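# Descriptive analysis of the structure
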Amino acid sequence: MNKKKKLKRPVASFIILTNIIFLPLFCLVGAVKMLGFPTWVFDIVRCLSAWSSTFAFAILFSKIYPGQHFLHFVKQKFKNQLRFSVILSALLIQATIFMIILLLVMKNTQADAILTISSWGMLSYFFFKNLLSGPIGEELGWRGFALLELQKKYGSLQSAIIIGFWWGIWHLPIWFTTGLTGLELLKYIIFFMLSIISTTIIMTAFYTINQNLIIPIMIHQCFNFFIGIINENLIILMMYNAILYSIAAFLLILMNPKKVWSNKPSQ
């Protein structure tokens, strides 16, 4: 009986396959939009495209972890008890960032136009639609596998920066759907990458302390949800996020030099 060979560079293979799967799905999203399909169809296809990293990881799983079962691996990512202090700390950081941005936006926007969603029904729909796509669809591959795999070789901070960079690059096709060009597009990309890398550092800090995939899913959900409901110029909004999330990430690095940023995450 032949044993399956393990991939020599599993993280690189994962990143490459994730992008290969994402591109045709992204094109399908564009086609659905242009052909005028109902909104619910567009939302489903868009959600599927966000799951490209999970699809890639599932395809590669038997070569990355020969002899293991995929569903068992997934269950293990949620087995550790959640720590209230970790959840509260992460939520407070993001809620504070959200409130600061709202205050900044209020200076230049009328009070009734601060948020993009005006009804509780639409707000709930946006919340769960967002949760089922990015946070749930992306975190198993990017944080549940790739981040922890890199931490076997590199420190947590270095691993966070590497994964944050490639996770940001994975969004590249989306950048060109913003309608921005030239210098405006360049500004958006810079702010976007700073936001993504800083958010990954924050995820890594709390996920290293509390090894439960709910933690990065929650942080990812808050980031996407908060940025999606604020009514502001896209570049300005991304600039606010880049600055504030960078500050939060920097403070977490200073506050936890040994406990969090060591080579091996605590269990």
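Residues numbered from 1 in each chain as written. Predicted model: local features only at pLDDT ≥ 70, side-chain atom pairs only at ≥ 80, totals over all residues. Heavy atoms only, no water.

## Remarks on the overall build of the protein
For the protein, the helix and strand inventory stands at 12 helices and zero strands. Beginning at the N terminus, the succession of helices and strands in the protein can be written as α-α-α-α-α-α-α-α-α-α-α-α. Its C-alpha atoms give the protein a radius of gyration of 19 Å, near enough to 18 Å, the size a compact globule of 267 residues would have. Viewed in the frame of its principal axes, the protein has a C-alpha envelope of about 70 × 50 × 40 Å. (Helix = DSSP H or I, 4+ residues; strand = E, 2+ residues; numbered from the N terminus. Rg over C-alpha atoms; globule rule 2.2 N^0.38 Å.)

## What about the environment of L7?
Of note, L7 is situated in the segment before α1 (10-34). Classification of L7 by relative accessible area gives partly exposed; the value is 26%. Along the chain, L7 and K63 lie 56 residues apart, while their C-alpha atoms are 5.8 Å from each other. (Buried < 20%, exposed > 50% of the residue type's maximum accessible area, 1.4 Å probe, protein only.)

## Remarks on helix α11 (residues 214-229)
Taking 1.5 Å per residue, 16 residues should reach 22 Å; α11 reaches 22 Å between its end C-alpha atoms and fits that length. Within α11, 13 of the 16 residues are buried, which leaves the element mostly enclosed by the surrounding structure. (Expected span 1.5 Å × (residues − 1).)

## With respect to helix α5 (residues 84-106)
Given a rise of 1.5 Å per residue, 23 residues ought to cover 33 Å, and the 32 Å separating the end C-alpha atoms of α5 matches this to within 8%. Buried residues belonging to α5 abut α10 (182-209), α11 and α12 (234-255). (Contact = heavy atoms within 4.5 Å.)

## Brief notes about the packing of helix α2 (residues 39-50) against helix α3 (residues 52-64)
At a closest axis distance of 4 Å, the pairing of α2 and α3 adopts a crossing angle of 45 degrees. Taken together, the axes of α2 and α3 lie oblique to each other. Across from L48, S49 and A50 in α2, the residues of α3 making contact are S52, S53 and F55. Here the contact of α2 with α3 is built from residues that sort into three nonpolar, three polar and no charged. (Axes fitted to C-alpha atoms, helices over the stretch in contact; angles between N-to-C directions. Parallel < 35°, antiparallel > 145°, perpendicular 65-115°, else oblique. Nonpolar A, V, L, I, M, F, W, Y, C, P; charged D, E, K, R; others polar.)

## Focus on the packing of aromatic side chains
For the structure shown, the criterion picks out 23 aromatic pairs. Ring geometry for F57 and F145: centres 4.9 Å apart, planes at 20 degrees, overall stacked. Taken together, the residues span a long stretch of sequence, with F57 in helix α3 and F145 in helix α7 (residues 134-150) at a distance of 88 residues. Classification of F145 by relative accessible area gives buried; the value is 1%. Residues Y65 and F145 carry aromatic rings whose centres are separated by 6.2 Å and whose planes lie at 90 degrees to one another, so their mutual orientation is edge-to-face. You can see Y65 sitting in the loop between α3 and α4 (70-76) and its partner F145 sitting in helix α7, a full 80 residues away along the chain. With relative accessibility at 12%, the residue Y65 sits in the buried group. (Phe/Tyr/Trp six-rings, centres within 6.5 Å; stacked < 30°, edge-to-face > 60°.)

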